[in-house]
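Topology and contacts: notes
For reference, the chains in residue letters:
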Amino acid sequence: MGRPREFSATEALEQAMEVFWAKGYEAASLQDLIGAMEISKSSFYETFGNKHELFLSAIEHYIDTRTEAFVKMLDEEPSGKTAVENIFRLILESEANSDEVRGCFLCNCAVEISQRDPAAAVHITRGMERIEEAFYRAVCRGQEAGEIPAGRDPRALARFLVSSENGLIVMAKANRGGDVMADVARTVLSAIS
């Protein structure tokens, strides 16, 4: 009978995700990961398999935690238009008040690795689709309430909002500044007015 695990796999996974988020998949070394996770090499392999399997688990962890919180924010606001506006306001505020702009982990992963890693691409796409579906539901609510013009394709608007949200976060990483980002957000939101 093996010794009982002396660490929280969820906490270790959270720490691994933070390393991948800060460094990217390629630059994150096994030593970086094990050090941040505060586990032994044998525990790493026993629990998480290898670096690639850990990376895929980290993407899933991000989807289950951060993406799910994003989706919940969109779904819990009764007004579809207000839900979308709140998301873009939150992006502007969080990027303006952050010392280090890391961007969206899913977006970062898509840019770095999804073209070369079909397994990661499947997870990344699933996360992006969850965000799209939440925007879609918000747009539909807004159209049903007469807040968003009914003649616009809600699916196309949802995809546009996902693209714009990620673009805005990338702009923040490029240090474009609050005024530039506010201009972009206003233009994006005009599409649902």
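Data block above holds the structure.
Residues numbered from 1 in each chain as written. Predicted model: local features only at pLDDT ≥ 70, side-chain atom pairs only at ≥ 80, totals over all residues. Heavy atoms only, no water.

**Some words on the overall build of the chain**
Along the backbone of the chain there are nine helices and zero strands. When the helices and strands of the chain are listed from N to C terminus, the series reads α-α-α-α-α-α-α-α-α. Projected onto its principal axes, the C-alpha positions of the chain cover 65 × 35 × 30 Å. Expressed as a percentage of its 193 residues, the buried residues of the chain come to 42%. For the chain, the share of sequence-separated contacts (at least 6 apart) that also reach a separation of at least 24 residues comes to 70%. Per element, the accessible surface of the chain, about 10100 Å² overall, is 51% carbon and sulfur. Side-chain charges in the chain split into 21 positive and 31 negative, and the spacing between the mean points of these groups amounts to 2 Å. (Helix = DSSP H or I, 4+ residues; strand = E, 2+ residues; numbered from the N terminus. Buried < 20%, exposed > 50% of the residue type's maximum accessible area, 1.4 Å probe, protein only. Contact = heavy atoms within 4.5 Å. Areas by Shrake-Rupley, 256 points an atom, 1.4 Å probe, with all protein chains shown as cover. Lys, Arg positive; Asp, Glu negative; His and termini not counted. Charge placed at Lys NZ, Arg CZ, Asp CG, Glu CD.)

**Some words on the side chain of Ser79**
Its location among the elements puts Ser79 in the loop between α4 (51-76) and α5 (80-96). Relative accessible area serves as the criterion here: at 13%, Ser79 is assigned to the buried category. In this structure, Ser79 is in contact with Arg141 and Glu147, ignoring residues within four places of it in sequence.

**Quick word on helix α9 (residues 178-190)**
Between its first and last C-alpha, α9 extends 18 Å over 13 residues, near the 18 Å set by a 1.5 Å rise per residue. All of the buried residues along α9 are Met181, Ala182, Ala185, Val188 and Leu189. The buried side chains of α9 occupy one side of the element, clustering within an arc of 125° when seen end-on. Along α9, the residues that are exposed and aim more than 90 degrees away from the buried face are Asp179, Arg186 and Thr187. (Expected span 1.5 Å × (residues − 1). Arc of directions from axis to C-beta.)

**Some details on the packing of aromatic side chains**
Taken as a whole and judged by the stated rule, the model has eleven aromatic pairs. Note that Lys51 overlies the ring of Tyr25, its terminal NZ or CZ placed 4.6 Å from the centroid. Directly above the aromatic system of Trp21 lies the positively charged group of Arg102, at a separation of 3.6 Å from the ring centroid. (Phe/Tyr/Trp six-rings, centres within 6.5 Å; stacked < 30°, edge-to-face > 60°. Lys NZ or Arg CZ within 6 Å of the ring centre and 35° of its normal.)

**Describing the packing of helix α1 (residues 9-23) against α4**
Two elements in contact, α1 and α4, have axes whose closest approach is 9 Å; the angle formed by their N-to-C orientations is 100°. When the interaxial angle is binned, α1 and α4 end up roughly perpendicular. On α4, the residues that touch Thr10, Leu13, Glu14, Ala16, Met17, Glu18, Phe20 and Trp21 of α1 are Lys51, Leu54, Phe55, Ser57, Ala58, His61, Tyr62 and Arg66. Residue composition of the contact of α1 with α4, by class: nine nonpolar, three polar and four charged. (Axes fitted to C-alpha atoms, helices over the stretch in contact; angles between N-to-C directions. Parallel < 35°, antiparallel > 145°, perpendicular 65-115°, else oblique. Nonpolar A, V, L, I, M, F, W, Y, C, P; charged D, E, K, R; others polar.)

**Let's talk about the state of the cysteines**
One pass over the full model with this rule turns up zero disulfides. Looking at Cys109, it has no disulfide partner, and the nearest cysteine sulfur is the one in Cys104, 8.3 Å off. (Disulfide = S-S within 2.5 Å.)

**Observations concerning the packing of α4 against helix α7 (residues 118-144)**
Packed helix pairs are specified by the crossing angle of their axes together with the interaxial distance, meaning the distance between the axes. Two elements in contact, α4 and α7, have axes separated by 9 Å at closest approach and are oriented at 5°. On the basis of their axis angle, the class for α4 and α7 is roughly parallel.

**What to know about the side chain of Ser164**
With respect to the helices and strands, Ser164 occurs in helix α8 (residues 154-173). Excluding its chain neighbours within four sequence positions, the residues that come into contact with Ser164 are Phe88 and Val188.

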